[in-house]
Protein chains: 6
Amino acid sequence: MTKRPSGRASDEGRPVSIEPGFARHAEGSALIRVGGTEVLCTASIENKVPPFLRNKGQGWINAEYGMLPRATHQRGHREASKGKQSGRTQEIQRLIARSLRPCVNLKKLGERTITLDCDVLNADGGTRCASITGAWVALSLALRKAKLTSVITSQVAAVSCGLTEAGAVLDLDYIEDSAAQADTNFVLTAEGGIVEIQGTAETSPFQDHDFFELLRLARLGTAKLFEAQNAALETL
Amino acid sequence: MTKRPSGRASDEGRPVSIEPGFARHAEGSALIRVGGTEVLCTASIENKVPPFLRNKGQGWINAEYGMLPRATHQRGHREASKGKQSGRTQEIQRLIARSLRPCVNLKKLGERTITLDCDVLNADGGTRCASITGAWVALSLALRKAKLTSVITSQVAAVSCGLTEAGAVLDLDYIEDSAAQADTNFVLTAEGGIVEIQGTAETSPFQDHDFFELLRLARLGTAKLFEAQNAALETL
Amino acid sequence: MTKRPSGRASDEGRPVSIEPGFARHAEGSALIRVGGTEVLCTASIENKVPPFLRNKGQGWINAEYGMLPRATHQRGHREASKGKQSGRTQEIQRLIARSLRPCVNLKKLGERTITLDCDVLNADGGTRCASITGAWVALSLALRKAKLTSVITSQVAAVSCGLTEAGAVLDLDYIEDSAAQADTNFVLTAEGGIVEIQGTAETSPFQDHDFFELLRLARLGTAKLFEAQNAALETL
Amino acid sequence: MTKRPSGRASDEGRPVSIEPGFARHAEGSALIRVGGTEVLCTASIENKVPPFLRNKGQGWINAEYGMLPRATHQRGHREASKGKQSGRTQEIQRLIARSLRPCVNLKKLGERTITLDCDVLNADGGTRCASITGAWVALSLALRKAKLTSVITSQVAAVSCGLTEAGAVLDLDYIEDSAAQADTNFVLTAEGGIVEIQGTAETSPFQDHDFFELLRLARLGTAKLFEAQNAALETL
Amino acid sequence: MTKRPSGRASDEGRPVSIEPGFARHAEGSALIRVGGTEVLCTASIENKVPPFLRNKGQGWINAEYGMLPRATHQRGHREASKGKQSGRTQEIQRLIARSLRPCVNLKKLGERTITLDCDVLNADGGTRCASITGAWVALSLALRKAKLTSVITSQVAAVSCGLTEAGAVLDLDYIEDSAAQADTNFVLTAEGGIVEIQGTAETSPFQDHDFFELLRLARLGTAKLFEAQNAALETL
Amino acid sequence: MTKRPSGRASDEGRPVSIEPGFARHAEGSALIRVGGTEVLCTASIENKVPPFLRNKGQGWINAEYGMLPRATHQRGHREASKGKQSGRTQEIQRLIARSLRPCVNLKKLGERTITLDCDVLNADGGTRCASITGAWVALSLALRKAKLTSVITSQVAAVSCGLTEAGAVLDLDYIEDSAAQADTNFVLTAEGGIVEIQGTAETSPFQDHDFFELLRLARLGTAKLFEAQNAALETL
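Note that this is a predicted model, so its numbers are computed, not measured.

1. Considerations on the interface of chain A and chain B
Reasoning step 1: Taken residue by residue, the interface counts 32 residues in chain A and 32 residues in chain B.
Reasoning step 2: When the two sides are added together, the surface that chain A and chain B hide from each other amounts to roughly 2600 Å², 50% of it contributed by carbon and sulfur.
Reasoning step 3: Summed over the three residues of chain A that lose the most area to chain B, namely E91(A), I194(A) and P205(A), the buried surface amounts to 21% of that side.
Reasoning step 4: Run the count over chain A and chain B and you get six salt bridges.
Reasoning step 5: As a salt-bridge pair, R219(A) and D208(B) come within 2.9 Å of each other at their nearest N and O atoms.
Reasoning step 6: One can count 16 residue pairs in polar contact (both at pLDDT 80 or more) joining chain A with chain B.
Reasoning step 7: Elements supplying a minimum of two residues to the side of chain A that touches chain B: α2 (87-100), β9 (194-201) and α6 (208-235) of chain A.
Reasoning step 8: Of the residues contributing to the side of chain A that touches chain B, the split by class is 10 nonpolar, 14 polar and eight charged.

Shown next, in the form of C-alpha cells:
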C-alpha cells in the first residue's frame, strides 16, 4: 500500500486552528483553518422566522456557503456575477444547515433565525467539513452573546474520510480527494451520535466493512476537532 | 412500539411496478411506481461530452430531476416559471447522477453523454430513490438499444429507511417521512456494494447501531427492487 | 393532391382518450391522449386571487404549460434548469388561460383562483390544443368536487387545422405541422361559439376561403372532442 | 347601439402617420403614429444567421418588442430592470416576427438576419398592430439600402378590430380595447392574403358572422395603412 | 494642436433643444436633443416611498436609464431580453438619481417617490449628461403639475468635457469620446455649486491643472444648458 | 467646528497595513486593512483576452468586487443567492478596473487578462478605496511572479475625503461617511497624476474651493498609502 501524498498516517488529521471573533460585526464568528483550508464562519441572529414557521413558537437555522473566486488553484466564476449559485454550493449549504439544526433546541430558541455564513478564503479539500466545524463555534459564540447558551443540545464537528491508494484515511486534502475511490463526510456529536453521513463511491462501489472503518477514523478525527472548538470558545 | 401508518411490517417495502418504454421518443424510458409515488425516467444519448471531458476518450452521465407542480398535496411552484431550480432539486439531481455514474464504464462508453431525466408525476415519499431505481432501467434500455450493454458494470437501486415511532423501518412513505427522527437513503448494488449513503438526523442525533439496522433493511428492500428492474427489462 | 402522411382522411382527427383523475392529489385532473400526443392536465383551486383582483368579488383562471425534456424526438432543454420559460411556452400558457376564462362565470366563482397545469409527457403535434381540451375536463372535475359546477358557462375544446400538401386538413400531427403552409388553432364551444382563433401563414399568405374551410373542419373535429370530454366526466 | 367613445364611425380608423429615418444609425427605421399610439421601429441587418440555419443558404427575420415604462397611463415596470420580459412582450414579439417572415423570400435574402425592434414611446391601444405596420416600412428601407428590394414578396399591415358596445368596430383605441367583448388582430397583405389572425373572446364566446364582419372591417383598415406605408417610402 | 473632428471651438457645445411634454401620459416629460444625441426623459410621481423610508416623512427620487437597441451604430443587446442591465446602465442610472436628489427638498416633497426614466433614442456621445439635463426639466414639469414647485432647491445640468488631441474641449461627441485621454462629467447648479464630478483617465493619468480647465469649460457649457431648460419650461 | 467622531485630525488617515500573499493560490494577493476595513485582493492572470480584444496584441484588466454578507453591522443579502449583483457592486467593480487599467501598459502586457478580485471581509467605510490600494499590490505581485514588472507604468492608491460637520476631512470611516454632506473618492498616482475622481454632493451642492481642499487632503492621504504599498512589496 502506498503512502499518503502528505506523508500523514492514515488516522492522522491535519493541523486545526480556530480564531474566534474574526468578523467584528457578527454576533459570533470563527476563522477556521484545517491544513490549507481556511473558512470564515459567521452567525447572525435575527428576531424573526421564515414564513412557514410564523406563530409556531420556534426558531430556525439557515446556512449559506460561498467560495471566493481565487480560493482555488484556478480562478472560479464568482457566483454573484454569474447570477446563480451552483448545485454544489446549494448542496453544501443545505448540508451545513441540516448539520447544525439538530444541535439546537429550536423550541427553546424562540422566534429567532440564526444564519450561518461560511465563506472559503483558501481551499485545500474538506471545505464543507471545516465549515460545519467552524459554524458550530460561531453559533455557540452568538448564542453566548445572546445569553441563550442553554439552547445548544449537542456539540458537532465534521470530517471527511475516504478510500485512497493509501487505503482508508482520515481528513482528505485536495490531492487525495480528487483521486479517491470513495469520499465520505461524517457529522458527529461529542456525545457519540451521528447527525449526518454522506458517502459517495466516486469510481466504483465500496463495501460495508470499508464504510465501518471510515466511520471509526471519523470518530478519531472529530475528537481532535471537539478539542479545538472548546479551546476556541475559551479564548474569547 | 406503535404500528406504521400504512400497517406495513417494518421490513416491508411498498408495491413496485416498472413500465418500460413509456416515453416514446427516448432511447430508454421507464415509468416507475413505488406505492403512491410515480416517476417518469428517460435516458437520452448524445454523441458529445461536456467541455471538461473533450478529447479524453470517455463519456459522462448527467441527471435532471423535476416535480410536476401538482404531484404534491398542495400545488408547488413551477421551477421553470420561478426561474430557478430549488436547492432540493439540485441536490437530488446531483445524487441521481452520482449514483448511476459508478455503474457504467465511462471509458468504454466513449465520447457520449447520457442524460437521465426523472420527472415526478405523483409524489408520496421516496421520489429520489424511485428516480434512481427507474433511471437504471431507462439507462439499461438506452444502452441496449445502442448495443452498448457491456458498458454497464453494476445494477443499482435505491431505497429510503428511517427511524420512526414504529422503530427502524423500510421504505418510508410521505407520512412517515415527514415525522421521522432520521431519514437515510441507500443506493446499493446487486453485487452487495454501496454506491451512495445519505443519512440525516432530522430531530436528534442517532446511534451507530441504528444506522447498521437501517442498512440491513435497505439490503432487503433493494433485493425486491432488483427483481422488479429485471422483470421490466425482460418485458421489452 | 397527395395523401396525408398518416393516411387519414382530410376531415379525420386522431383517436382521443381522456383518463380522469390521473394526478391523485389535484382537485381535478385528466391525462389526455390525442394520437401520439399525451398531456397531463391538473386543476388546482386556491381560496385567494391575484393582487389586481383583490376585493372585487370575482375569481381568476391561470394556466401554466410545460414539456418534459424528452417528450420530443430530440431532448429539449429543461426550462427550470435554463432559468426561464421560452417565448413559445409563455405564448401557449397565455392561450390556455384565455381559452378557459370565458367558459367560467368569474363573478360566481368568487374569490378563488384555479390554476391549470398542462404538462406534455409525449409530443406529436397539437400539444396546445390537447392541453386546452384536457384542461376543460380537469377544470370541470375540480369544480364538481368543490360543488361549483354551475359556474361553468361553456364547454370548450381545441383542435388545429392546416393547409398542407394534402390540402386543408384536420388535426395536424408533428410531421404535417412542421411542413404546413398555414397552421390554425381553433378553440370552439359546444354551443357553436368561437373562443380563440390563432392562424399563421408559415411560408406564404393564405386566402379567406382557405380559412373558412379550416374553420369548418375544426367544427367537425371539436364535435368528437366534446364527446370524449363528456365520456370522461361520466367515468369518474 | 351606443356610439364609440372617440365618436368615430365603426369602419373609421385613426389618423396614421409614418416618419421614415427617425433612428439615424439603423439601416431602416420608421416612427409610426396611429392615433395616440407611437412606435419607433428599426430594422438592423447582420451578415450571419442563427445556429439552426447555418449553412442552409437562407436568411432569417427576428423581432423584439418593448414599451418604455411611461408609455402608459401608469408607469410600468422596466423589463430590463425586472430581469425578464413579460409573457405579453414575448407573445407580441413572436407575432411581429411571424408576420414579417412570410413577406420576404428567405432563400433570396441569403445568410443574413434582419432584426426588427419595435419600441412603444406612447401607447393608446393597438401597439402590436402599429409595430407590424411600421416594421414593414423599416424592413423595406433597410432592404432598399442593401439593394435587396427584390426579396420582398408581400406588403403587410395590421389592424385590430373588435366587438364593443358600439358593435363591430375598426381600430380599437385603449378605452375600447379594455372593455371589448372580443379583440381580433389581423395581419393582411396588400394582395388580399392573410398572414396572421389572432382572435380572442374576452368575456364571452362570439359567433362566426361576427368574425366575418371583423375581417371585412380589417380589409378596409389595412387599405389605408398600405397607402400610408407607400407614402412614407416615397418620402425618403 | 489638431482641430476637433466636428470643427467646433474647444469651448463650443453642441446645439441643444428640449421638447417638453413628449410623453403624453407622464406627469412631466422632455425630449432633449444635444447634437445627435436624443433622450426621452419622463418623471412619474407616486404617493409612496421605498421600504427603507417608510414613516420618515420624506420623499425619494429614483432613476432608470435605457438605450434602445438601435440607438447606436451597431445594434446592441436589448437588456430586457438578456435578462439584466449592464454595469454601465446601472452606473448611469445611479448617477442620474444622485444628481437630481440634492436639487429637491426631500422633506418638503413628503411621502412621494419620483421616478425619472431616461431612454436614449439616438446616441452620439454624452447620453448620461443629456439625461440629467432633460430629467431636470421633466422633474420640474411634474412638480409644477403637482403644485410642488417650491420643493425644487437647485437647477442642475450636466456636460462632459475631456482631454483630446485638440486639447481640453467642451461637450464630447461620440468620435471624441472614444479617443479621449480623459473624460469628465460635471453636474453643476445654476447657482455655481457642484453636485457630482466623475473624471476618468482613459489612457494615462492627467494633471490638476487639466482638471481645473475642464471644470472651467463645464461652467461655460452648463450656462447654455440652463438657458435651454428655462426656455423649455416657458413653452408649456 | 466639531471634532471628528474618531478624534482624528482632519488630515489624519487611519492606520494601514497590507499583508501580501494571503491567498495562497493566486498569482498575487494582498489583505489590506485600513482602520476597521479589511479587504482581500487577489490578482489572477490568464493567457487570453475578452472577445472584443482578440488579435489586437494587447491585454486587459478586469475587476470584481464583493462583500461578505456579515462584513457589515447588519447582515446583507448574499448577492450569489439573490441572483444578481447590486448596482453599487457593479459601480465599484467598474471603478476598480478603470483605476488600475491606466497604470499598466496594455500593449506590453500582451494577450493576457488580469482579473482583480476584491472581497470585503470587514467593512468600516472606504471599501472601494481600500480595494484599489490593495489591488495595486496584488497586481504588482502577480506581474512580478510572471516577470512582467516592466508593464507597470504608475503606482496608484485611493482615498476618500469628505465634507463633514468637522469640515473637510481625510479618509472617512463609516460613521462620517453616512452623515457627510459630500463624499469624494480620489485615485491618484505616486507621480502626482489623477486617475479617477468621483465626487458626490449627498445633501446639498458644494463649492469649487471645497473640492480643491479635498484634493489637497487626498494627496496627503495617498502619500502614506504609497509607503504602505512599497513596504508590502518588500516583505515578500
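2. A closer look at the packing of helix α6 (residues 208-235) of chain C against helix α6 (residues 208-235) of chain D
Reasoning step 1: Running from amino to carboxyl end, α6(C) crosses α6(D) at an angle of 160°, the nearest separation of the two axes being 13 Å. The angle between α6(C) and α6(D) falls in the class roughly antiparallel. As α6(C) runs across α6(D), the sense of the crossing is right-handed. Seen from α6(C), the contacting residues are D208(C), F211(C), F212(C), L215(C) and R219(C); seen from α6(D), they are D208(D), F211(D), F212(D), L215(D) and R219(D).
Reasoning step 2: In terms of residue class, the contact of α6(C) with α6(D) is made up of six nonpolar, no polar and four charged.

3. Things to note about the UniProt feature "domain: Exoribonuclease phosphorolytic" (unreviewed entry) in chain A
Reasoning step 1: Here, the residues flagged by UniProt with the feature "domain: Exoribonuclease phosphorolytic" (unreviewed entry) are residues 12-142 and 155-218 of chain A.
Reasoning step 2: Secondary structure over residues 155-218 of chain A splits into 27% helix and 45% strand, and the C-alpha atoms at its two ends are 15 Å apart.

4. Overview of the relation of the copies chain A and chain B
Reasoning step 1: Screw-axis analysis of chain A against chain B gives a translation of 0.0 Å along the axis, an RMSD of 0.0 Å, and a rotation angle of 180°. Such a combination of rotation and displacement between the chain copies is what one expects of a two-fold axis.
Reasoning step 2: A share of 100% of the interface residues of chain A reappears at the interface of chain B, consistent with the copies meeting face to face through the same patch.

5. Some points on the UniProt feature "binding site: phosphate" (unreviewed entry) in chain A
Residues and elements named next belong to chain A.
Reasoning step 1: Following the UniProt record, one finds the feature "binding site: phosphate" (unreviewed entry) at R88, G126, T127 and R128. Their sequence span is 41 residues, while the largest C-alpha to C-alpha distance among them is just 13.3 Å; these annotated residues converge on one region.
Reasoning step 2: Along the chain, R88 falls in helix α2.
Reasoning step 3: Classification of R88 as partly exposed rests on a relative accessible area of 29%.

6. Regarding the sheet that holds strand β3 (residues 37-46) of chain E
All names here are of chain E.
Reasoning step 1: One open sheet accounts for five strands, arranged β1-β2-β3-β5-β4; its pairing is mixed. Edge positions in the sheet fall to β1 (16-20) and β4 (60-67), since each has one partner strand and no second. With direction set aside, neighbouring strand axes in the sheet form an average angle of 20°.
Reasoning step 2: Here β1 pairs with strand β2 (residues 28-34) via five bridges, running antiparallel. Bridge pairing links P20 to A30 in β2.

7. What to know about the packing of aromatic side chains
The relative placement of two aromatic rings is captured by the distance of their centres and the angle of their planes.
Reasoning step 1: Summed over all chains, the structure comprises 30 aromatic pairs over all chains.
Reasoning step 2: Both rings, one in F186(D) and one in F211(D), keep their centres 5.8 Å apart while their planes meet at 40°; by these two values the pair is tilted. Separated by 25 residues along the polypeptide, F186(D) in strand β8 (residues 182-189) and F211(D) in helix α6 bring together distant segments of the chain.
Reasoning step 3: A relative accessible area of 0% means that F211(D) is categorised as buried.
Reasoning step 4: With a centroid separation of 6.4 Å and 20° between ring planes, the pair formed by F206(E) and F211(E) is classed as stacked.

8. With respect to the pattern of salt bridges
One side chain can pair with another of opposite charge once the charged atoms of both are near each other.
Reasoning step 1: Across all of its chains, the model carries 127 salt bridges over all chains by this definition.
Reasoning step 2: Across the salt bridge formed by E27(A) and R70(F), the nearest N and O atoms sit 2.7 Å from each other. Residue E27(A) is found in the loop between β1 (16-20) and β2 (28-34), and its partner R70(F) is found in the loop between β4 (60-67) and α1 (79-82); the two belong to separate chains.
Reasoning step 3: Between D119(C) and R78(B) there is a salt bridge whose closest N-O contact spans 2.9 Å.

9. Side note on the environment of A168(B)
Residue and element names in this part refer to chain B.
Reasoning step 1: Tracing the chain through its elements places A168 in strand β7 (residues 167-170).
Reasoning step 2: Sequence separation of A168 and P15 is 153 residues, and the distance between their C-alpha atoms is 19 Å.
Reasoning step 3: If sequence neighbours within four positions are ignored, A168 has contacts with S10, G162, L163, E213, L214 and L217.

10. Some details on the environment of A218(D)
Reasoning step 1: Assignment of secondary structure puts A218(D) in helix α6.
Reasoning step 2: Spatially, the C-alpha atoms of A218(D) and L188(D) are 8.2 Å apart, while their sequence positions differ by 30 residues.

11. Some thoughts on the side chain of T222(A)
Residue and element names in this part refer to chain A.
Reasoning step 1: Relative to the helices and strands, T222 is located in helix α6.
Reasoning step 2: Since its relative accessible area comes to 1%, T222 is described here as buried.
Reasoning step 3: Once residues within four sequence positions are removed from consideration, T222 is found in contact with A157, A158, V159 and L188.

12. Let's talk about the packing of α2(A) against helix α4 (residues 127-145) of chain A
Residue and element names in this part refer to chain A.
Reasoning step 1: Contact geometry of α2 with α4 gives a least axis separation of 10 Å together with a crossing angle of 40°. By the criterion of interaxial angle, the relationship of α2 to α4 is oblique. As α2 packs across α4, the resulting crossing turns out to be right-handed. Contacts from R88, E91, I92, L95, I96, S99 and L100 of α2 reach α4 at T127, R128, S131, I132, A135, W136 and L139.
Reasoning step 2: In the contact of α2 with α4, the residues fall into eight nonpolar, three polar and three charged.

About the cut-offs
- Residues numbered from 1 in each chain as written.
- Chains lettered and ligands numbered in written order.
- Predicted model: local features only at pLDDT ≥ 70, side-chain atom pairs only at ≥ 80, totals over all residues.
- Heavy atoms only, no water.
- Contact = heavy atoms within 4.5 Å.
- Buried area = accessible area lost by both parts, 1.4 Å probe.
- Salt bridge = Lys/Arg side-chain N within 4 Å of Asp/Glu carboxyl O.
- Polar contact = N/O pair within 3.5 Å; in protein donor to acceptor, adjacent residues only side chain to side chain.
- Helix = DSSP H or I, 4+ residues; strand = E, 2+ residues; numbered from the N terminus.
- Nonpolar A, V, L, I, M, F, W, Y, C, P; charged D, E, K, R; others polar.
- Axes fitted to C-alpha atoms, helices over the stretch in contact; angles between N-to-C directions.
- Parallel < 35°, antiparallel > 145°, perpendicular 65-115°, else oblique.
- Left-handed = near helix turned anticlockwise from the far one by under 90°.
- UniProt positions renumbered as here; feature names shortened; annotations may be inferred.
- Least-squares fit on C-alpha atoms with pLDDT ≥ 70 in both.
- Buried < 20%, exposed > 50% of the residue type's maximum accessible area, 1.4 Å probe, protein only.
- Pairing = 2+ DSSP bridges.
- Phe/Tyr/Trp six-rings, centres within 6.5 Å; stacked < 30°, edge-to-face > 60°.

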